[in-house]
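Close look at the chain arrangement
One-letter residues, chain by chain:
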Amino acid sequence: MHQPLPATNSMNGAESLVRTLVASGVEVCFANPGTSEMHFVGALDRIEGMRPVLGLFEGVVTGAADGYARMTGKPAATLLHLGPGLANGLANLHNARKVPVPMVNIIGDHASAHQGFDAPLTSDVAAFARPVSHWVHSSPNARSVAADAARAVQAARNAPGQIASLILPADTAWLAADRPAAPLPVLGPAPVSDSAVAQSVAALKAGGPVAFLLRGEALRGRALTAAGRIAAKTGARLICDTFVPRVERGAGRIRVERLPYRPGPALEFLEGTQTLILVGAQAPIAFFAYPGQPSELTPPGCRPLVLAFPHEDGTGALEALAEAIGATTPGKASAHAPPALPADGPVTAEGIMRIAGHFLPENAIISDETISSGFPFYPLNETAAPHDSLQLSGGAIGDGMPVATGAAIACPDRKVVSLQADGSAMYTLQSLWTQAREKLDVTTVIYANRAYKVLMDEVAGVGLGRIGPRGQSMFDIGNPDLDWVKLAEGMGVEAVRAESHAALAAAFKAAMGQRGPRLIEAVL
Ligand SMILES: Cc1ncc(C[n+]2csc(CCOP(=O)(O)OP(=O)(O)O)c2C)c(N)n1
């Protein structure tokens, strides 16, 4: 049986794919292509409407698509090279799935007829994709690619956002296709039922202490305003998980308390709560299990109550609830009182947060992967200029810099501040090159403590007691010290080192007044 010939004059599968993605509103493709994706690259080249953004490691590609989606609510496409390319991007796909965000992964594979020969790059692509995807499909032939792409975008956009992975054997890209497919309708967010609202009304009227655990859209805009009114009327607390994908903070915003990280303090924090009303969140669970400590953080005697599931309209639910209880008085918003600058002296973690909060421009986006250094000083920015805070939500370190990159592509008019612990930065530092290539307005501040400090603290947390020098060497990332100025400059990003608060403040202030990528190594 002879092979069908490549498409010549007519549209090929790759073109039908790109045209379908563009028609469905996918405007950016974060990519790291190879031979099996070459026809996709050709189609990107010929067809208007999709911006290709090259990442030099797939963890940058998938993390950037996450950051883009967090800020736009829309899926970007990723282009990944067979199983190994996808595998390099898995950790940040895991993080994105935990947010969750809409994303369409296009993953090339060997041509169908080539797959039986166990060539070097042959692997089970779907097996790599499945655990990090809500939807996985491999196109059987070129003529089905357009329809599969439309279905992939639909799956990605269904509330609350899903990871859709479309696997394309190379021949489905180069053989003849018919035409692009039209966009498909998208599901949700589903309206919240009257009975769910009534349950929350009853819990609030019962009089015992009530707390709201908010996540997703509930941490922004109209939802936060409504939650603020409810809190003002009833005295209910507003809480969010220790790490959230995105929250609006700063002056003028309703203040949301952050759940403590460790199980003991988290249980104490919630103690006495009679009803925990969940809006787009699941009942709180400890980040890790510790010997003798609980996994579930809902305190004994407290009833979790779902006002809105993650795929439901949490904003509408909070507004309906506010109306039902007659909560019309605005909630107490944070004042505008940026943190004071630290006294000059050697750089401290508190000093970095103060300097960032002091000079933060209005409407900035903070990508926060500060791990142990930033955590205690998070409250300082409560009264900084209004901003969005994007945090590491899936626990797999190495997404702060890619998320900053994607957010900057999504919001070219907003300053992005990437507050970044050094160990986590090393996972995906190639993000800097993409920031330079695309001239993105990102200022990165590296917390150069030369350690996996959080892991040092965990030694006691897990009950290990003392640990000797061989064990300690697993947490020491100095010796040799990373030279962040050289690393950044080597990728085309202007950089300086700051060893005092005065130097850091001057460098950060200057970066806020300029456009384009900058890096400051803050030596702790
Ligand atoms: C993908 C992945 N690999 C490893 C870990 C384990 N881990 C958690 S924090 C951490 C070190 C973080 O160091 P750094 O970013 O410098 O922050 P610091 O602890 O110094 O605050 C490691 C290795 C992880 N969470 N995710």
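Please refer to the structure higher up on the page.
Residues numbered from 1 in each chain as written. Predicted model: local features only at pLDDT ≥ 70, side-chain atom pairs only at ≥ 80, totals over all residues. Heavy atoms only, no water.

**A few points about the side chain of Asn 32**
Structurally, Asn 32 is set in the loop between strand S1 (28-31) and helix H2 (38-46). A residue is classified by how much of its surface remains accessible, and Asn 32, at 17% relative accessible area, is buried. Of note is the side chain of Asn 32, whose polar atom sits 2.7 Å from the backbone oxygen of Gly 55. When sequence neighbours within four positions are dropped, the list of residues in contact with Asn 32 reads Leu 54, Gly 55, Leu 56, Phe 57, Glu 58, Val 61, Leu 79, Leu 80 and His 81. (Helix = DSSP H or I, 4+ residues; strand = E, 2+ residues; numbered from the N terminus. Buried < 20%, exposed > 50% of the residue type's maximum accessible area, 1.4 Å probe, protein only. Polar contact = N/O pair within 3.5 Å; in protein donor to acceptor, adjacent residues only side chain to side chain. Contact = heavy atoms within 4.5 Å.)

**What about the packing of helix H1 (residues 13-23) against H2?**
Interaxial distance between H1 and H2 falls to 8 Å at its minimum, and their mutual angle equals 50 degrees. By the criterion of interaxial angle, the relationship of H1 to H2 is oblique. You can see that H1 and H2 cross each other, and the crossing is right-handed. In this structure, H1 uses Ala 14, Glu 15, Leu 17, Val 18 and Leu 21 to contact H2, whose residues at the interface are His 39, Phe 40, Ala 43, Leu 44 and Arg 46. When its residues are assigned to classes, the contact of H1 with H2 shows 7 nonpolar, 1 polar and 2 charged. (Axes fitted to C-alpha atoms, helices over the stretch in contact; angles between N-to-C directions. Parallel < 35°, antiparallel > 145°, perpendicular 65-115°, else oblique. Left-handed = near helix turned anticlockwise from the far one by under 90°. Nonpolar A, V, L, I, M, F, W, Y, C, P; charged D, E, K, R; others polar.)

**Side note on the packing of aromatic side chains**
Summed over all chains, the structure comprises 7 aromatic pairs. On the basis of an interplanar angle of 50 degrees and a centroid distance of 6.0 Å, the ring pair of Phe 243 and Phe 375 is categorised as tilted. Of the two residues, Phe 243 sits in the loop between strand S8 (237-240) and strand S9 (247-249) while Phe 375 sits in the loop between helix H14 (371-374) and strand S14 (387-391), which places them 132 residues apart along the sequence. The partly exposed category is assigned to Phe 375, whose relative accessible area is 27%. (Phe/Tyr/Trp six-rings, centres within 6.5 Å; stacked < 30°, edge-to-face > 60°.)

**Description of the site of the ligand**
The local shell around the ligand holds 18 residues, among which Ser 372, Gly 423, Ser 424, Ala 451 and Val 454 are the closest. Asp 422 places a polar side-chain atom, nitrogen or oxygen, 2.9 Å from an oxygen atom of the ligand. Contact distances for the ligand include 2.8 Å between an oxygen atom and a side-chain N or O atom of Asn 449. Look at the ligand: alone it shows 590 Å² of surface, and the protein chains cover 79% of it. Among the cavities detected, the one that contains the ligand is the second largest pocket. Counting residues per element, the ones that place at least two in the shell around the ligand are H14, helix H16 (422-425) and helix H18 (453-461). Per-class residue counts for the shell around the ligand are 9 nonpolar, 7 polar and 2 charged. (Near = heavy atom within 4 Å. Areas by Shrake-Rupley, 256 points an atom, 1.4 Å probe, with all protein chains shown as cover. 1 Å grid on protein atoms, 1.4 Å probe; cavity = no way out; pocket = protein on both sides within 12 Å on 5 of 7 lines; lining within 4 Å. Sits in = over half its atoms within 2 Å of the grid points.)

**Looking at the layout of surface pockets**
The space that makes up the largest pocket amounts to roughly 1,300 Å³. Lining of the largest pocket is provided by 50 residues; of these, Lys 98, Val 99, Pro 100, Arg 215 and Pro 245 occupy positions nearest its centre. Secondary structure elements with two or more residues in the lining of the largest pocket: helix H3 (58-72), helix H7 (145-157) and helix H12 (314-324). It is H3 that provides the largest number of residues to the lining of the largest pocket, a total of 4 residues. Broken down by class, the residue content of the lining of the largest pocket amounts to 26 nonpolar, 14 polar and 10 charged. Volume-wise, the second largest pocket comes out at about 720 Å³. Around the second largest pocket, the lining is made up of 32 residues, and of these Tyr 261, Ile 371, Ser 372, Ile 397 and Val 454 lie nearest the centre. Where the lining of the second largest pocket is concerned, the elements lending two or more residues are strand S13 (364-369), H14, H16 and H18. For the lining of the second largest pocket, the leading source of residues is H18, giving 5 residues. (Points joined across faces, edges and corners; volume = space filled by probe spheres on them.)

**Re unusual backbone geometry**
In this chain, Val 99 is followed by Pro 100 through a cis amide linkage whose omega measures -10 degrees. Summarising the element assignment, Pro 100 is placed in the loop between helix H5 (90-98) and strand S4 (103-109). For the bond from Ala 159 to Pro 160, the omega torsion is 5 degrees, close enough to zero to count as cis. Mapping Pro 160 onto the fold places it in the loop between H7 and strand S6 (163-169). Of note in the backbone geometry, Arg 450 takes a positive phi value of approximately 55 degrees without being a glycine. A relative accessible area of 17% places Arg 450 in the buried class.

**Examining the pattern of salt bridges**
If the charged atoms of two oppositely charged side chains come close together, the side chains can form a pair. A complete count under the given rule lists 26 salt bridges for this structure. Measuring nitrogen to oxygen at the nearest pair gives 3.8 Å for the salt bridge that ties Glu 248 to Arg 253. One connected set of salt bridges, linked through shared partners, spans Arg 450, Asp 481, Asp 483, Lys 486, Arg 497 and Glu 521. (Salt bridge = Lys/Arg side-chain N within 4 Å of Asp/Glu carboxyl O.)

**Focus on the pairing of strand S18 (residues 518-523)**
Counted residue by residue, S18 has 6 buried out of 6 residues, so it is predominantly covered. With 5 bridges joining them, strand S17 (residues 494-498) and S18 adopt parallel strand pairing. Of the residues in S18, the one forming a bridge with Ala 495 is Leu 519. Between the parallel pair S17 and S18, the chain is carried across by helix H21 (residues 501-512), and the sense of this crossover is right-handed. (Pairing = 2+ DSSP bridges. Right-handed = clockwise from strand over helix to strand, strands pointing away.)

**A short note on the packing of H3 against H5**
H5 packs onto H3 with a crossing angle of 15 degrees between their chain directions and a minimal axis gap of 7 Å. Between H3 and H5, the interaxial angle falls into the category roughly parallel. Like other packed secondary-structure pairs, H3 and H5 cross with a definite hand, here left-handed. Here Gly 59, Thr 62, Gly 63 and Asp 66 of H3 come into contact with H5, specifically with Asn 92, Leu 93, Asn 95 and Ala 96. Here the residues of the contact of H3 with H5 are counted per class, giving 2 nonpolar, 5 polar and 1 charged.

Geometry only, nothing functional implied.
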